[in-house]
Amino acid sequence: MRKAKNVLFIMFDQLRWDYLSCYGHPHLHTPNIDKLAQKGVRFDRARIQSPICGSSRMSTYTGRYVHSHGASWNGIPLKVGEITMGDHLRKAGMDCWLVGKTHMRADADGMARLGLEPDSLIGARVAECGFDVFERDDGMRSEGPDGVYDAAGALKYNDYLRDRGYESDNPWHDHANSGIDAAGNVLSGWFLKNSTEPANIEESDSETPYMTRRGMEFIAAQGDRPWCCHLSYIKPHWPYVVPAPYHDMYGRQHIKPVVRSDAEFADAHPVLKGFMTNPVGEAFSRQEVRDAVIPAYMGLIKQCDDQMGVLFQWLEDTGRMDDTMIVVTSDHGDFLGDHWMGEKTFFHDTSTKVPLIIYDPSPEADATRGTVCNELVECIDLAPTFLEVAGTDPASVNHILEGRSLMPILHGKQDGPLRDYVICEYDYSASPLADRLGVNAREAVMFMVADTKWKLVHCEGGFRPILFDLEADPDELVDLGDREDHADVIAAMYEKLFTWARRPSQRTTRSTAQLEEMRTQTRRRGVMIGVYDENDVPLELTVHYRGRKATDRRGNDAKAGE
């Protein structure tokens, strides 16, 4: 009988929601991911909790907002003590393994303070965001005058490439993420002009097929114990270089028209203008950059979809499609020149809206197969969903997990809206933009609150809000944040943001049931505060204080005063 026993949690890095054909891309056909959507539910309003790799992933892995877990930017560690998806699932009897990327930085100081050795079982899990590691590969074996960006980046992958005959001290760069000219010169993928070049690697040895095989190797080794496998791909994240035949599958004629306007740039809010005019924004505002990068980006996605075809067919052949929930999503999008920006670090849907497709093999999900869900969904909803698959009621840990299980939606039993608004946060205190705007580290933060109609962005530092009408202006080109005739809307959206900010997110050591029990616990243990007469409370609460005798030990002075 079909039933979700395991979870295959697939995440791509920097995959835009609208660059899949099931989400409407007119030229980029992704039949394998589309087929999964036909078997499951496609979510049309799924949003991340931070528009940057590290903090977005930490929210997904903990089921908590950035404001709660504190890992607010790349390289900021997830603090010791944060309970993760892996911690919850193992307690429920499901193993939780990583194959690929997390972009997690360990809290080395916190671990040292608690005496947790990184090579111990507990220490390793704390250092790896709660996952047991089959293979971690964050990619990013970049190198500059101060050394490598990530000392552990692509180590095993580089060993694999050398074993395959790729001779280099860093084949990740020289082969997987660069081209080559007729004279044998490496054409580095870090330079956007080289995005048109085919990567100097056999397609089967490139990062996406490699990680697909590693995922299948992990699954093949599993026995009867339930598992969650986080198969986390590096692509289509930059460097934007892809091997043949994907490098020239698409051309200028396949590039969607850019979404931006001159008025949008001229009238931009100061913080938004800062992102538009940073080096990445200025680069992607040039048509030659878009012409070079976007076809390569599309090729990377096409390769990802082809590998999904390999993976899904293997799951069918091995019977795993009958007992495995499959989730496909991304950690954020990519502006690609839209709104005069590159990268992902602002709150337009180009960045914060992500594809989310969930296939549940269980018969209970038959009624929703092939449907599209328009509920407001957050990526923190995945952790409680997986916990429910593992057989535990997520409500038992709703003082920790801030997301909501999507199982009622998958099984057609959702009663009323899932939520009234979604939240996204960004901390740019470690960015040069903070200096350019003259804001200190405390002020260099932003919050987005959005419902189905409106999106408001609050910027600390004394800046006015940004407001978009998502119905009248779905491309988010017109900022209404300084319009007096929208003051009521702005106030209403701020009230939603304030409601969210007042949640007791740090009260994680006692459950709701325990708190309710504590309301009467002290009196039942003899604490009688404010009781004037023993008969003012039930007899059972004071039985230990009635009819008691004691020897008079007050002494002569006390007795003389009586």
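Residues numbered from 1 in each chain as written. Predicted model: local features only at pLDDT ≥ 70, side-chain atom pairs only at ≥ 80, totals over all residues. Heavy atoms only, no water.

A few words now on the overall build of the protein chain. What the protein chain contains, in helices and strands, is 21 helices and 18 strands. The C-alpha atoms of the protein chain give 27 Å as radius of gyration, which agrees with the globular expectation for 562 residues (24 Å, within 12%). Along the first, second and third principal axes, the C-alpha set of the protein chain runs to 110 × 65 × 55 Å. In the protein chain, buried positions account for 56% of the 562 residues. Once local pairs closer than 6 in sequence are excluded, the contacts in the protein chain between residues at least 24 apart make up 71%. Summed over all atoms, the accessible surface of the protein chain reaches about 24,500 Å², with 50% contributed by carbon and sulfur. Taking the average location of the 63 positive side-chain charges in the protein chain and that of its 87 negative ones, the two points are 6 Å from each other. (Helix = DSSP H or I, 4+ residues; strand = E, 2+ residues; numbered from the N terminus. Rg over C-alpha atoms; globule rule 2.2 N^0.38 Å. Buried < 20%, exposed > 50% of the residue type's maximum accessible area, 1.4 Å probe, protein only. Contact = heavy atoms within 4.5 Å. Areas by Shrake-Rupley, 256 points an atom, 1.4 Å probe, with all protein chains shown as cover. Lys, Arg positive; Asp, Glu negative; His and termini not counted. Charge placed at Lys NZ, Arg CZ, Asp CG, Glu CD.)

Within helix α15 (residues 382-389), seven of the eight residues are buried, which leaves the element mostly enclosed by the surrounding structure. Every buried residue of α15 is listed here: Leu382, Ala383, Pro384, Thr385, Phe386, Leu387 and Val389. Downstream of α15 by a residue or two, Gly391 has a phi angle that is positive, lying close to 100°.

All right, on to the pairing of strand β12 (residues 356-359) then. Residues Leu356 and Ile358 point to one face of β12 and Ile357 and Tyr359 to the other, with burial holding for every one of them. Examined bridge by bridge, strand β2 (residues 41-43) and β12 share three bridges and lie antiparallel to one another. Pairing of Val41 across the sheet is with Ile358, part of β12. As paired elements, strand β11 (residues 324-330) and β12 share four bridges and run antiparallel to each other. Bridging from a neighbouring strand, Ile326 pairs with Tyr359 of β12. (Pairing = 2+ DSSP bridges.)

It is worth spelling out the layout of surface pockets at this point. Approximately 970 Å³ is the volume attributed to the largest pocket. What lines the largest pocket is a set of 36 residues, among which Trp73, Trp238, Val280, Glu343 and Lys344 lie closest to the centre. Looking at the second largest pocket, its volume works out to about 670 Å³. Mapped onto the lining of the second largest pocket, the elements with two or more residues apiece are α15, α18 (487-501) and α19 (512-524). Residue contributions to the lining of the second largest pocket peak at four residues, all from α19. Its residues assigned to classes, the lining of the second largest pocket shows twelve nonpolar, eight polar and eleven charged. (1 Å grid on protein atoms, 1.4 Å probe; cavity = no way out; pocket = protein on both sides within 12 Å on 5 of 7 lines; lining within 4 Å. Points joined across faces, edges and corners; volume = space filled by probe spheres on them. Nonpolar A, V, L, I, M, F, W, Y, C, P; charged D, E, K, R; others polar.)

A word on the sheet that holds strand β10 (residues 227-232). As summarised here, the arrangement of the eight strands in space is β5-β4-β10-β1-β11-β12-β2-β13, forming an open sheet in which the pairing is mixed. On the outer flanks of this sheet lie β5 (132-136) and β13 (371-373), each paired with one strand and no other. Across the sheet, the mean angle separating the axes of adjacent strands is 15° when strand polarity is ignored. Pairing of strand β4 (residues 95-100) with β10 involves six bridges; the strand directions are parallel. Residue pairing in the sheet places Val99 in a bridge with Leu231 of β10. Sitting on the sheet, helix α2 (residues 53-62) touches β1 (6-12) and β10, and the angle it makes with β1 is about 170°. Sheet contacts for helix α13 (residues 287-317): β1, β10 and β11; angle to β1, the most-contacted strand, approximately 170°. (Axes fitted to C-alpha atoms, helices over the stretch in contact; angles between N-to-C directions.)

Right, let's get into the side chain of Ser330. Within the fold, Ser330 resides in strand β11. Polar side-chain contacts of Ser330 include one of 2.8 Å to the backbone oxygen of His332. Not counting residues within four places of it along the chain, the set of residues in contact with Ser330 comprises Met11, Phe12, Asp13, Gln14, Leu15, Ile48, Val354 and Pro355. (Polar contact = N/O pair within 3.5 Å; in protein donor to acceptor, adjacent residues only side chain to side chain.)

What follows is about α2. Of all ten residues that make up α2, ten are buried, and the element is covered over most of its length. By the burial criterion, the buried members of α2 are Cys53, Gly54, Ser55, Ser56, Arg57, Met58, Ser59, Thr60, Tyr61 and Thr62. The secondary structure elements touched by the buried residues of α2 are β1, α3 (66-69), α4 (85-91), β10 and α15.

Turning our eyes to something else, we now look at the packing of aromatic side chains. All told, the structure shown has 23 aromatic pairs when counted by the stated rule. Relative to Tyr297, the ring of Tyr240 lies with its centre 6.2 Å away and its plane at 70°, an arrangement referred to as edge-to-face. With Tyr240 in the loop between β10 and α10 (262-266) and Tyr297 in helix α13, this residue pair connects regions lying 57 residues apart in the sequence. The burial state of Tyr240 is the same as that of Tyr297; both residues are buried. Relative to Trp340, the ring of Phe265 lies with its centre 5.3 Å away and its plane at 55°, an arrangement referred to as tilted. Remark: Trp340 occurs in the loop between β11 and α14 (349-352) and Phe265 occurs in helix α10; sequence separation between them is 75 residues. (Phe/Tyr/Trp six-rings, centres within 6.5 Å; stacked < 30°, edge-to-face > 60°.)

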